[in-house]
Amino acid sequence: MDIGAAKMIGAGLAVVALLGVGIGIGNIFATLISAIARNPEAKKDVFGVAMLGFALTEAVALFALLISFLILFN
């Protein structure tokens with residue numbers, strides 16, 4: 001197997017984590033909309049927690065992309 005092919009396969013496997021990130025972000029915002037629909041007065045409290053969850057979930061996506069780029073370009 002060529003080293004370039006192995007790099008492509010490794011980078012593709014590193015990006016598989018983005019599937020979970022997409023599901024997680026969708027779940028966070030679906031729950032946020034549901035919580036605000038049930039109790040609109042709690043928007044201030046719930047929104048901050050949702051943004052924290054979004055930021056932490058998005059960090060996983062950035063790490064996965066970083067690892068993928070490191071595999072490809074090193």
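Analysis parameters
Residues numbered from 1 in each chain as written. Predicted model: local features only at pLDDT ≥ 70, side-chain atom pairs only at ≥ 80, totals over all residues. Heavy atoms only, no water. Helix = DSSP H or I, 4+ residues; strand = E, 2+ residues; numbered from the N terminus. Rg over C-alpha atoms; globule rule 2.2 N^0.38 Å. Buried < 20%, exposed > 50% of the residue type's maximum accessible area, 1.4 Å probe, protein only. Contact = heavy atoms within 4.5 Å. Areas by Shrake-Rupley, 256 points an atom, 1.4 Å probe, with all protein chains shown as cover. Lys, Arg positive; Asp, Glu negative; His and termini not counted. Charge placed at Lys NZ, Arg CZ, Asp CG, Glu CD. pLDDT = per-residue confidence, 0-100. Polar contact = N/O pair within 3.5 Å; in protein donor to acceptor, adjacent residues only side chain to side chain. Phe/Tyr/Trp six-rings, centres within 6.5 Å; stacked < 30°, edge-to-face > 60°.

Colleague: Would you mind going over the overall build of the protein chain with me for this structure?
Modeller: Within the protein chain one finds 3 helices and 0 strands. Listed by position from the N terminus, the elements making up the protein chain come as α-α-α. Relative to the 2.2 N^0.38 estimate, which gives 11 Å for 74 residues, the radius of gyration of the protein chain is 17 Å and therefore markedly larger than a compact globule would have. Taken over 74 residues, the protein chain has a buried fraction of 15%. Excluding contacts between residues fewer than 6 apart, the proportion of contacts in the protein chain whose partners are at least 24 apart in sequence is 78%. Accessible surface computed for the protein chain: about 5,300 Å², of which carbon and sulfur atoms make up 75%. Each charge class in the protein chain can be summarised by its mean position, and for the 4 positive and 4 negative side chains these summaries are 5 Å apart.

Colleague: Can you help me understand the confidence of the model for the protein chain in this one?
Modeller: Looking at the protein chain as a whole, the pLDDT averages 94, with 100% of positions reaching at least 70. Ranking the helices and strands of the protein chain by mean pLDDT puts helix 2 (residues 17-38) first, with 95, and helix 1 (residues 3-14) last, with 92.

Colleague: Even after reading the chapter, I still don't get the side chain of T57, so can you show me in this structure?
Modeller: Position of T57 relative to the elements: it lies in helix 3 (residues 43-73). Judged by relative accessible area, T57 falls into the buried class, the value being 18%. Polar contacts involving the side chain of T57 include one to the main-chain carbonyl oxygen of G53, which spans 2.7 Å. Ignoring any residue separated from it by four or fewer positions in sequence, one finds T57 in contact with V21, G24, I25 and I28.

Colleague: I tried to follow the environment of G20 on my own but got confused; where do I start?
Modeller: Position of G20 relative to the elements: it lies in helix 2. Put simply, G20 and V60 are 40 residues apart on the chain and 9.3 Å apart in space, counted from C-alpha to C-alpha.

Colleague: When you look at the packing of aromatic side chains in this model, what are you seeing that I'm missing?
Modeller: Aromatic ring pairs are described here by two measures, namely the spacing of the ring centres and the angle between the planes. According to the stated counting rule, one finds 2 aromatic pairs in the structure shown. With a centroid separation of 5.5 Å and 55° between ring planes, the pair formed by F29 and F54 is classed as tilted. Here F54 lies in helix 3 and F29 lies in helix 2, a separation of 25 residues in the sequence.

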